[in-house]
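Descriptive analysis of the structure
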Amino acid sequence: MALLTDTLRSGTRTHHERIEQRLGLPHSVTSQSAYRELLIGFYGFYLPVEPRLLEKLSTLSELRMSERQKLDLLRQDLTALGLDDQAIEALPRCSHIPPLGSVPQARRCLDLLEGSTLGGQVISAHFTRMLEITAKTGGRFYQGYGSATASYWRAFKEAANAYSARYPEQDSLVVESACSTFELLEIWLCSARQVQQG
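So, here's what we can say about the structure. (Residues numbered from 1 in each chain as written. Predicted model: local features only at pLDDT ≥ 70, side-chain atom pairs only at ≥ 80, totals over all residues. Heavy atoms only, no water.)

1. Brief notes about the overall build of the chain
Along its length, the chain carries 9 helices and 0 strands. Moving toward the C terminus, one meets the helices and strands of the chain in the order α-α-α-α-α-α-α-α-α. For 198 residues, the compact-globule formula gives about 16 Å, and the C-alpha radius of gyration of the chain, at 16 Å, lands near that figure. In terms of its C-alpha atoms, the chain occupies a principal-axis envelope of roughly 45 × 35 × 30 Å. Looking at the chain as a whole, 45% of its 198 residues qualify as buried. (Helix = DSSP H or I, 4+ residues; strand = E, 2+ residues; numbered from the N terminus. Rg over C-alpha atoms; globule rule 2.2 N^0.38 Å. Buried < 20%, exposed > 50% of the residue type's maximum accessible area, 1.4 Å probe, protein only.)

Right, here's the structure in full:
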């Protein structure tokens, strides 16, 4: 029987590839200003999503939610890239987010977001090489958990697969929800880029 995380990866591969193609990641980001615009898009998505994830999942100790927050990393990056607190506060936020009213719904969204941290390491290396982006100059979000990213992902996989073993009937919903989340994220990031370029 396939593990949930493997099923999730294969079930969302098309969506993952499509969003990278539409955004042209990472090769279309050829300047620090374009990189900043990309982070602004992610910030607008995480801003309404992350507090709801924390609200639903913070009591589940195996997920270590206090260590998986990304909003503060995005704020630090945007500050390093020249935005002050007032400018960050005024940034647009995504209004169409995945349903997060229950623990299962929140876990499905988190499955997707955490699954992207490994790919973020590859993209981070590209931005470091091409744009000289480091943790101190705006690269903390894409660096994820730094050298501990692999161990954080293994711990998350174990927790996700253990949950799946207890509630196998939810596996198909996990993939369906992850695909829906990808679609919402794609729509938001692409629309945010059009607004910034317009």
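Let's pick the thread back up.
2. Things to note about empty space enclosed by the protein
On inspection of all chains with the given rule, the structure shows 3 cavities of 30 Å³ or more. Counted as a void, the largest cavity has a volume near 380 Å³. For the largest cavity, the lining is made up of 22 residues, of which His-16, Phe-42, Ser-116, Ile-123 and Tyr-142 are closest to its centre. For the lining of the largest cavity, the secondary-structure elements that each account for two or more residues are α2 (13-23), α3 (32-57), α6 (103-131), α7 (140-143) and α9 (171-197). Ranked by residue count, the leading element in the lining of the largest cavity is α6, at 7 residues. (1 Å grid on protein atoms, 1.4 Å probe; cavity = no way out; pocket = protein on both sides within 12 Å on 5 of 7 lines; lining within 4 Å. Points joined across faces, edges and corners; volume = space filled by probe spheres on them.)

3. Comments concerning α2
Each α-helix turn comprises 3.6 residues. Residues three or four places apart therefore point the same way. By the burial criterion, the buried members of α2 are His-15, Ile-19 and Leu-23. One side of α2 carries all its buried residues, which in axial view fall inside an arc of 55°. Turned more than 90 degrees away from the buried face of α2, the exposed residues are Thr-14 and Gln-21. One or two positions beyond α2, positive phi appears at Gly-24, with a value near 70°. (Arc of directions from axis to C-beta.)

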